[in-house]
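Next come the chains, spelled out residue by residue.
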Amino acid sequence: MSVSVLEEEELAFELRPHLFSQIQQYLLWTGILIVHGLYIANPEGVVVKLQGIIGSDSVIWKTLLWVQGVVPEGPWLILVLTPAFLQALFRVQWKPFIGYLLLVAFTLALCRYFELGLMSNVQIWAGVCILALIGKEIQRFRTRYTITNKRLVIDRFGFSRTTRTLFYSKIQDLVLSKPMIGGVFGYGTVVPLTASQLGTGSSSSHVGASVHMNSTVGASVHGGVSESQTVIQDM
């Protein structure tokens, strides 16, 4: 369903999010999936390889053995929680991490309740990673951005339709930044701010899209990093 155009309004672009808008999430889930897949294929080999990298006499390895003695799943918990924690710390996004933490606790409790063991937990989490990657793609596919000469409209289609609108006349400031990798792949971040410091997004909108502003400049929309701003990412 297309956005209804207002009087004297002209449609400029209508498109869907770009893959790189959530590259951190894709890397997180893919990395965890690879590690779990390697453990499923050869659990003893992974442990030996890890021991060789860390060093059997190192403080880190001895700490891991101590943690495993106290909590058998301790090293696994460190493995799955550390990258998610670091991502939340550097991006200052704690709500996704809390949800991630609850998911880890749920799968751990489920395996303990049914006495499934560590391998079953690893297999479950490999499936969780695959579902998370598929879910991200579905979220990206079911999000659409409409840019006109008067406003930006973000449509998200799930069990219901959510539409957020930001008129350009309400924008008082723009915050622009481009990471190092953005210079390679041609994307960055644009944060439109209104007088009330509110854009069109919230911490629940983590999506992005390619928008070609002209023949040489690309832009994309990324819905909110916090409840006080909307992030627009260049692709």
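Along each chain, residue indices are assigned from 1 in the same order as the chain's sequence is written. For a predicted model such as this one, the threshold for reporting local features is a pLDDT of at least 70, and the threshold for listing and counting side-chain atom pairs is 80 or more; totals across whole chains, interfaces and linings nevertheless cover every residue. Side-chain metrics in this entry use all non-hydrogen atoms of the structure; hydrogen atoms and water are not considered.

1. Thoughts on the overall build of the chain
- The numbering of helices and of strands both runs from the N terminus, where a helix is a DSSP run of H or I of at least 4 residues and a strand a run of E of at least 2. Counting secondary structure elements, the chain contains seven helices and nine strands.
- Considering only intrachain contacts with a sequence separation of at least 6, the fraction spanning at least 24 residues in the chain is 58%.
- Accessible surface, the chain as shown: approximately 13600 Å² in total, 66% of it carbon and sulfur. Here, residues are in contact when the closest pair of their heavy atoms is within 4.5 Å. For accessible areas, the Shrake-Rupley method is used with a probe of radius 1.4 Å. Any residue's cover is judged against the shown protein chains and nothing else.

2. Description of helix α6 (residues 118-141)
- Look at α6: 35 Å from first C-alpha to last across 24 residues, which is about the 34 Å you get at 1.5 Å a residue.
- Looking at the buried positions of α6, the neighbouring elements they touch are α1 (23-41), α4 (74-91), α5 (94-113), β2 (143-148) and β3 (151-157). What a helix should span is 1.5 Å times the count of its residues minus one.

3. As for the side chain of E9
- By secondary structure assignment, the location of E9 is in the segment before β1 (11-15).
- Accessibility here uses a 1.4 Å probe with only protein chains present; expressed as a share of the type maximum, an area under 20% marks a residue as buried, one over 50% as exposed, and anything in between as partly exposed. On the basis of relative accessibility, which here comes to 8%, the residue E9 falls in the buried class.
- Within the structure, the side chain of E9 is placed 2.7 Å from the side chain of R151, a separation counted as a polar contact.
- The contacts of E9, once residues within four sequence positions are left out, are S4, T148, N149, K150 and R151. Here a polar contact is taken to be a pair of N or O atoms separated by no more than 3.5 Å, where protein atoms must pair a possible hydrogen donor with a possible acceptor and residues adjacent in sequence count only if both atoms sit in side chains.

4. Quick notes on the environment of R144
- Assignment of secondary structure puts R144 in strand β2.
- Linking R144 and T163, residues 19 residues apart in sequence, is a C-alpha distance of 9.6 Å.

5. Description of the nonpolar core
- Here, nonpolar core refers to any group of buried Ala, Val, Leu, Ile, Met, Phe, Trp, Tyr and Cys residues whose side-chain atoms link them within 4.5 Å. One finds W29, I32, W76, V80, Y100, V104 and W125 to be the most contacted residues of the largest nonpolar core, which totals 19 residues.
- Among the elements of the structure, α1, α4, α5 and α6 are those that each provide at least two residues to this core.
- Top element by residues in this core is α6. It accounts for six residues.
- Contacts of I32, omitting those with residues within four sequence positions, involve V80, P83, Y100 and C129.
- Membership of the second largest hydrophobic core comes to five residues, among which are L15, Y145, I147 and I154.

6. Overview of the packing of aromatic side chains
- The aromatic pairing rule takes the rings of Phe, Tyr and Trp, using the six-membered ring of Trp, and pairs them if the centres are within 6.5 Å, calling planes under 30 degrees apart stacked, those over 60 edge-to-face and the rest tilted. One pass over the full model with this rule turns up eight aromatic pairs.
- Here W76 and W125 contribute two aromatic rings whose centre-to-centre distance is 6.0 Å and whose plane-to-plane angle is 70°, an arrangement assigned as edge-to-face. Of this pair, W76 sits in helix α4 while W125 sits in helix α6; the two residues are 49 residues apart in sequence, bridging distant segments of the chain. Each member of the pair, W76 together with W125, is buried.
- Measuring from ring centre to ring centre gives 5.9 Å for F85 and F97, while their planes differ by 65°; the resulting arrangement is edge-to-face. With F85 in helix α4 and F97 in helix α5, this pair connects stretches of sequence that are 12 residues apart.

7. Section: a nonpolar patch on the surface
- A surface patch of nonpolar side chains, amounting to about 820 Å² of accessible area, comprises F85, L86, L89, F90, V92, W94, I98 and L102.
- Elements represented by at least two residues in the nonpolar patch include exactly α4 and α5.
- Considering every element that reaches the nonpolar patch, the biggest residue donor is α4, with four residues.
- Inspection of the secondary structure puts I98 in helix α5.
- Using a relative accessible area of 47% as the deciding quantity, one classes I98 as partly exposed. Patches draw on residues past 30% relative accessible area with no salt bridge. Two like charges within 9 Å are joined, as are two nonpolar side chains (Val, Leu, Ile, Met, Phe, Trp, Tyr) within 5 Å. Throughout this description, the term salt bridge denotes a Lys or Arg side-chain nitrogen within 4 Å of a carboxyl oxygen of Asp or Glu.

Structural measurements only, silent on function.
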